[in-house]
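# Coordinate analysis (summary)
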Amino acid sequence: MIKASNIYKKYGNVEVLKGVDISINKGEVACIVGASGAGKSTLLQIIGTLETADKGNVIIDNQDIKTLNQKKLASFRNKNIGFVFQFHHLLPEFTALENICIPAFIAGTQKKVATEKAMQLLEYMNLTDRKDHKPSMMSGGEQQRIAVARALINNPSIVLADEPSGNLDSQSAKELHQLFFNLRDKLGQTFVIVTHNPQLAEMSDKTFTMKDGIII
């Protein structure tokens, strides 16, 4: 599902990635661990096509990312990759239901179809009673589950998560981690998760440890 080969990335004079190779199969939950500054988030952003490598190749579901222009790349990202970040990045002026629907609207999905899918996801997350609530009216765990639902609205084959439980209490973090595995088992999605959480890394199918811009 994901193959990144010989990935290099530099910001100014700082070489962040120094020849990274990573391969993840369809339906795997893979974790990337390591100290802060090791290059984990940069690698995740390159896999997610948010950043471009200075050197190397990224192939996602047999698609060579380098062959896509910016418009096609944006469309590919919207349809095939879901993102969950440490800070949920929900839009404060919109309800839970509206926040979940946004990527579907960007993809051109009809409002009725997007709303039905968002309601299904809310039901799966046990959050139907929060559909009309704005983020400020929800707990941190609830907000993060809404962010996961938003990442899933376009049925992406890959979900990338950057420290998704970093801001949550231990119980909410445990519930979120279990949710990822439940989703993988139900929908067959591939998850790549940057985390400092040892319990999550231990649960995963595959763990990559990064240090100083390489995988060790």
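Residues numbered from 1 in each chain as written. Predicted model: local features only at pLDDT ≥ 70, side-chain atom pairs only at ≥ 80, totals over all residues. Heavy atoms only, no water.

## Some points on the overall build of the protein chain
Regarding its fold elements, the protein chain presents seven helices and ten strands. On C-alpha atoms alone, the protein chain measures out to a radius of gyration of 17 Å, which is about the 17 Å that the 2.2 N^0.38 rule sets for 216 residues. The C-alpha extent of the protein chain, read off along each of the three principal axes, is 45 × 40 × 35 Å. Per-residue burial over the protein chain gives 50% buried out of 216 residues. Contacts spanning at least 24 positions in sequence make up 72% of the contacts within the protein chain whose residues lie at least 6 apart. Here the protein chain displays about 10,700 Å² of accessible surface, and carbon together with sulfur accounts for 50% of that area. The distance from the centre of the 25 positive side-chain charges to the centre of the 22 negative ones in the protein chain is 6 Å. (Helix = DSSP H or I, 4+ residues; strand = E, 2+ residues; numbered from the N terminus. Rg over C-alpha atoms; globule rule 2.2 N^0.38 Å. Buried < 20%, exposed > 50% of the residue type's maximum accessible area, 1.4 Å probe, protein only. Contact = heavy atoms within 4.5 Å. Areas by Shrake-Rupley, 256 points an atom, 1.4 Å probe, with all protein chains shown as cover. Lys, Arg positive; Asp, Glu negative; His and termini not counted. Charge placed at Lys NZ, Arg CZ, Asp CG, Glu CD.)

## Some words on the layout of surface pockets
Approximately 400 Å³ is the volume found for the largest pocket. Lining the largest pocket are 18 residues, and of these Asn-78, Ile-81, Phe-83, Pro-103 and Arg-150 lie nearest its centre. When contributions to the lining of the largest pocket are tallied by element, the ones reaching two or more residues are helix 2 (70-80), strand 6 (81-85), helix 3 (96-106) and helix 5 (140-152). When its volume is computed, the second largest pocket comes out at roughly 250 Å³. Glu-51, Thr-52, Ala-53, Ile-65 and Lys-66 are the residues nearest the centre of the second largest pocket, which is lined by 15 residues in total. Listed by contribution, the elements that provide at least two residues to the lining of the second largest pocket are strand 4 (55-60) and helix 2. Looking at the lining of the second largest pocket element by element, the count peaks at three residues for strand 4. Taken together, the residues of the lining of the second largest pocket break down into seven nonpolar, six polar and two charged. (1 Å grid on protein atoms, 1.4 Å probe; cavity = no way out; pocket = protein on both sides within 12 Å on 5 of 7 lines; lining within 4 Å. Points joined across faces, edges and corners; volume = space filled by probe spheres on them. Nonpolar A, V, L, I, M, F, W, Y, C, P; charged D, E, K, R; others polar.)

## A word on the sheet that holds strand 8 (residues 190-194)
Taken in spatial order, the six strands of this open sheet run 6-7-8-3-9-10, and their pairing is mixed. Pairing within the sheet leaves two strands with one partner each, and these edge strands are strand 6 and strand 10 (214-215). Both strand 6 and strand 7 (residues 158-162) contribute to a ladder of five bridges, which runs parallel. Note on strand 7: the bridge partner recorded for Val-84 is Ala-161. Where helix 2 meets the sheet, it contacts strand 6 and strand 7, and its direction lies at approximately 70 degrees from that of strand 6. (Pairing = 2+ DSSP bridges. Axes fitted to C-alpha atoms, helices over the stretch in contact; angles between N-to-C directions.)

## What to know about empty space enclosed by the protein
Scanning the model with the defined rule gives one cavity of 30 Å³ or more in all. In this structure, the largest cavity encloses a volume near 60 Å³. Lining the largest cavity are Ser-41, Leu-44, Gln-45, Leu-50, Phe-83, Val-84, Phe-85, Leu-160, Ala-161 and Asp-162.

## Focus on the packing of aromatic side chains
Per the stated rule, a full pass over the model turns up one aromatic pair. When the centroid spacing of 5.4 Å and the interplanar angle of 45 degrees are considered together, the rings of Phe-180 and Phe-191 count as tilted. In this pair, Phe-180 is assigned in helix 6 (residues 170-187) and Phe-191 in strand 8, connecting sequence segments eleven residues apart. The residues Phe-180 and Phe-191 share a single accessibility class, namely buried. (Phe/Tyr/Trp six-rings, centres within 6.5 Å; stacked < 30°, edge-to-face > 60°.)

## Side note on unusual backbone geometry
Positive phi, close to 65 degrees, is recorded for Thr-49, a residue that is not glycine. Along the chain, Thr-49 falls in the loop between helix 1 (40-47) and strand 4. Given a relative accessible area of 5%, Thr-49 falls into the buried group.

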